[in-house]
Amino acid sequence: MQTTLLSLHSRFPIASVDERIFGGFIEHMGRCVYEGLYDPSSKHADADGFRSDVCGALKRLGMTAIRYPGGNFASGYHWLDGVGPRDARPTVRELAWQSSEPNRFGTDEYLRLCAVMGWTPMLTVNLGTGTPEEARNWVEYCNCPGGTKYADLRVAGGNDRPYGVKLWCLGNEMDGAWQLGHVPADQYAIRAQQAAKMMKDTDKSIALVACGSCGVSIPTYMEWDRIVLEYLGDQADYVSLHRYVENRANDTADFLAVTNAVDRQIEEMDAVCRFVQARRRSRKRAYLCFDEWNVWYKNMECNGQGKFAPHLVEEVYNLEDALVVAGFLHSFLRHADCVKIANIAQVVNVIAPVLTQGDRMLIQSIFYPFEMFSRRRNGVSLRPAVEGPAYEGKTHGRTNYIDVSAVLDGQRMHVFATNRAPDAEAELAVRIADADIAALDSAELLTGPDAKAANSYENPDVIRSVEWREPAVRNGQAVAKLPPLSLAAMTFRLA
Ligand code: AHR
């Protein structure tokens, strides 16, 4: 077995890790909101109607920025439908997912949930069928003190104090032909600029995320981003990118190499930001907001047939999916200089780490990598130099068997390592050039019987992380043998 050597140096930082890369996404889609998070009829419902079992599980993930209310849903959503007395709210025909939306859960319920969970709110305005003015009115509702029309509406609902929502997305996937109100880049840019101006005029402390390309295969990829960023200028604080990955070819090695493509997408999007910044001779650089990402290809049921809370895209995740989720997180850490926000899509039932069935709840495989990284996210991401064996992925080129990232937190160092080899152990040696590794503080390992193994209600613990004592520290270095298809999260103390 050839050892992989990971060399680090505390003076080679990438950037501080922005904790908002551990964000999530709640959409009015399928059973994410209703039944998943909000179900007053459940035996787990708390006083607000939130499912305490689901909230308890999500708390373990330490999620930060939570995007809401969509997604595609946002492009047909009129926020006024979801505020005021619940019984007076309209039930509407919802077009993005062909569902029935009763608006029992709206802005105040979402912001209450954020407060209960310690989440940072992140609202997506409707720039599909909505107007820039409607977007601006929502900012007033959320952020302004009482005394004017929309702020008073909030006060009338019993919420005197402004919520102070700082993060706002200027629409969703407006480059996609499926999007309600989809338009070419220049027209979206005009809408977004008008909304941005009025929203910032209402509350200058907010930060805005412009809609970037939602995928690398979209014909307008990069060109859309250039046009939008040039037109929005300094009003764009962030630009969004999305990625859902798949293993339809059933090629585990190639699937696990998809992290290379995520790295590349980030670097290309960052290149557009820098290009536009340079062309505009601006001091302001837009950063990246990876506000939808996950594995998604097994369950593509997207038509709700007019029903309330239909079962949509309830993807079941296996071990290889969990390792790919780890790959996204490695990539975000390795690009901590430009990726400032990221939201796994979504949080419950819909392509999610947690599933519910009646009052039952199941933790899926992808829950664990998120938890393992999130617990060790504080600090500065270090530039990893990796020397070790690699393979040739069919689609994604040369790929190290061991994928890594590292975070330095004062005298503690977190190292994350994925062994992509399907049937071989892989040895990892870690050294930090300007310090000695003194001891192992804690470590967790995620692995399972095979790539396709998944948790089920009958066998809920097939894939889960366990405490791991294997990493050894000798002569200031650490060495660990990673089982095939595994993820290790290790925390070391430095001398
Ligand atoms: O997360 C599910 C959907 O995927 C979102 O609504 C949309 O933005 C994306 O296409």
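Residues numbered from 1 in each chain as written. Predicted model: local features only at pLDDT ≥ 70, side-chain atom pairs only at ≥ 80, totals over all residues. Heavy atoms only, no water.

1. A closer look at the packing of aromatic side chains
Consideration 1: Throughout the structure, instances matching the rule amount to 25 aromatic pairs.
Consideration 2: Ring plane angle 90° and centroid distance 6.3 Å describe the contact between Phe290 and Phe328, whose orientation is recorded as edge-to-face. Placement of Phe290 in strand E11 (residues 287–295) and of Phe328 in helix H9 (residues 319–334) is noted, with a sequence separation of 38 residues between them. Of the two residues examined, Phe290 and Phe328, each falls in the buried class.
Consideration 3: Each ring, one from Phe328 and one from Phe332, has its centre 6.2 Å from the other, and the planes form 55°; the classification is tilted. Of this pair, Phe328 and Phe332 both sit in helix H9, separated by four residues, roughly a single helical turn. (Phe/Tyr/Trp six-rings, centres within 6.5 Å; stacked < 30°, edge-to-face > 60°. Helix = DSSP H or I, 4+ residues; strand = E, 2+ residues; numbered from the N terminus. Buried < 20%, exposed > 50% of the residue type's maximum accessible area, 1.4 Å probe, protein only.)

2. Digging into the nonpolar core
Consideration 1: Grouped together as the largest cluster of nonpolar side chains are 125 residues, with contacts concentrated most on Ile26, Trp168, Leu170, Tyr188, Met199, Trp293 and Phe332.
Consideration 2: Counting residues domain by domain, this core receives three or more from each of domain 1 (4–10 + 381–494) and domain 2 (18–377).
Consideration 3: Listed in part, the 25 residues of the second largest apolar core include Met413, Val415, Ile432 and Ala488. (Core = buried A, V, L, I, M, F, W, Y, C linked by side-chain atoms within 4.5 Å. Domains from an automatic or database assignment.)

3. Notes on the side chain of Arg31
Consideration 1: Of note, Arg31 is situated in the loop between strand E3 (23–25) and helix H1 (52–60).
Consideration 2: One polar contact links the side chain of Arg31 to the main-chain carbonyl oxygen of Thr356, over a distance of 2.7 Å.
Consideration 3: With residues up to four places along the chain from it excluded, the contact list for Arg31 reads Gly36, Ala309, Pro310, His311, Glu314, Val348, Asn349, Val350 and Thr356. (Polar contact = N/O pair within 3.5 Å; in protein donor to acceptor, adjacent residues only side chain to side chain. Contact = heavy atoms within 4.5 Å.)

4. Some words on the site of the ligand
Consideration 1: Taken together, 13 residues sit near the ligand, with Glu27, Asn72, Glu173, Tyr244 and Glu292 positioned nearest.
Consideration 2: Within the side chain of Glu27, one N or O atom sits 2.6 Å away from an oxygen atom of the ligand.
Consideration 3: Interatomic distance of 2.7 Å between a side-chain N/O atom of Glu173 and an oxygen atom of the ligand.
Consideration 4: Protein chains bury 94% of the 280 Å² of accessible surface belonging to the ligand in isolation. (Near = heavy atom within 4 Å. Areas by Shrake-Rupley, 256 points an atom, 1.4 Å probe, with all protein chains shown as cover.)

5. Considerations on the sheet that holds strand E1 (residues 4–8)
Consideration 1: An order of E16-E1-E21-E25-E24 is seen for the five strands of this open sheet, with the pairing classed as mixed. At either margin of the open sheet sits one strand with a lone partner, and together these are strand E16 (385–387) and strand E24 (472–474). Across this sheet, the average inter-strand angle for adjacent strands is 20°, counted without regard to direction.
Consideration 2: When E1 meets strand E21 (residues 426–432), the two strands line up parallel, connected through five bridges. Each residue of the ladder has a partner; that of Thr4, found in E21, is Leu428. (Pairing = 2+ DSSP bridges. Axes fitted to C-alpha atoms, helices over the stretch in contact; angles between N-to-C directions.)

6. Points about the sheet that holds E11
Consideration 1: Within the closed barrel, the eight strands sit side by side as E3-E4-E7-E8-E9-E10-E11-E12. Their pairing is parallel. When the angles between neighbouring strand axes are averaged without regard to direction, this sheet yields 30°.
Consideration 2: Pairing between strand E10 (residues 238–245) and E11: seven bridges, direction parallel. What sits directly across from Tyr244, in E11, is Asn294.

7. Regarding the packing of helix H3 (residues 132–143) against helix H5 (residues 185–202)
Consideration 1: Running from N to C, H3 and H5 cross one another at 25°; their axes reach a closest spacing of 8 Å. Between H3 and H5, the interaxial angle falls into the category roughly parallel. Pair H3 / H5 crosses with right-handed handedness. Residues Pro132, Glu133, Ala135, Arg136, Val139 and Glu140 of H3 form the contact with H5, whose participating residues are Arg191, Gln194, Ala195, Met198, Met199 and Thr202.
Consideration 2: Taken together, the residues of the contact of H3 with H5 break down into six nonpolar, two polar and four charged. (Parallel < 35°, antiparallel > 145°, perpendicular 65-115°, else oblique. Left-handed = near helix turned anticlockwise from the far one by under 90°. Nonpolar A, V, L, I, M, F, W, Y, C, P; charged D, E, K, R; others polar.)

8. Some thoughts on the pattern of salt bridges
Consideration 1: Scanning the entire structure with this criterion turns up 40 salt bridges.
Consideration 2: Ionic pairing is found between Asp48 and Arg112, a salt bridge with its closest N-O pair at 3.0 Å. Here the residue Asp48 occupies a position in the loop between E3 and H1, and Arg112 occupies one in helix H2 (residues 107–117), the gap between them amounting to 64 residues.
Consideration 3: For Arg112, a relative accessible area of 41% translates into the label partly exposed.
Consideration 4: A salt bridge links Lys200 to Asp237, with the shortest nitrogen-to-oxygen separation between them at 2.8 Å. Taken together, the positions of Lys200 in helix H5 and Asp237 in the loop between helix H6 (223–232) and E10 put the pair 37 residues apart, joining distant regions of the chain.
Consideration 5: Judged by its relative accessible area of 13%, Asp237 falls in the buried class. (Salt bridge = Lys/Arg side-chain N within 4 Å of Asp/Glu carboxyl O.)

9. Examining the domain arrangement of the protein
Consideration 1: The domains assigned to the protein are domain 1 (4–10 + 381–494) and domain 2 (18–377).
Consideration 2: Of the residues lining the interface, 46 residues belong to domain 1; the matching set on domain 2 comes to 42 residues.
Consideration 3: Between domain 1 and domain 2, roughly 3400 Å² of surface is buried when both sides are summed, and carbon and sulfur atoms account for 59% of that area.
Consideration 4: Sorting the residues of domain 1 by area buried against domain 2 places His396, Lys452 and Tyr457 first, and these three jointly supply 22% of that buried surface.
Consideration 5: Our enumeration of links across domain 1 and domain 2 arrives at five salt bridges.
Consideration 6: Close ionic contact of Arg334 with Asp403 constitutes a salt bridge, the shortest N to O distance being 2.8 Å.
Consideration 7: Here domain 1 is connected to domain 2 by 27 residue pairs in polar contact (both at pLDDT 80 or more).
Consideration 8: Taken together, the elements giving at least two residues each to the side of domain 1 that touches domain 2 come down to strand E17 (390–393), strand E18 (397–400), strand E19 (402–409), strand E20 (412–419), strand E22 (437–447), strand E23 (464–467) and strand E26 (486–494).
Consideration 9: Class assignment for the residues of the side of domain 1 that touches domain 2 results in 20 nonpolar, 18 polar and eight charged. (Buried area = accessible area lost by both parts, 1.4 Å probe.)

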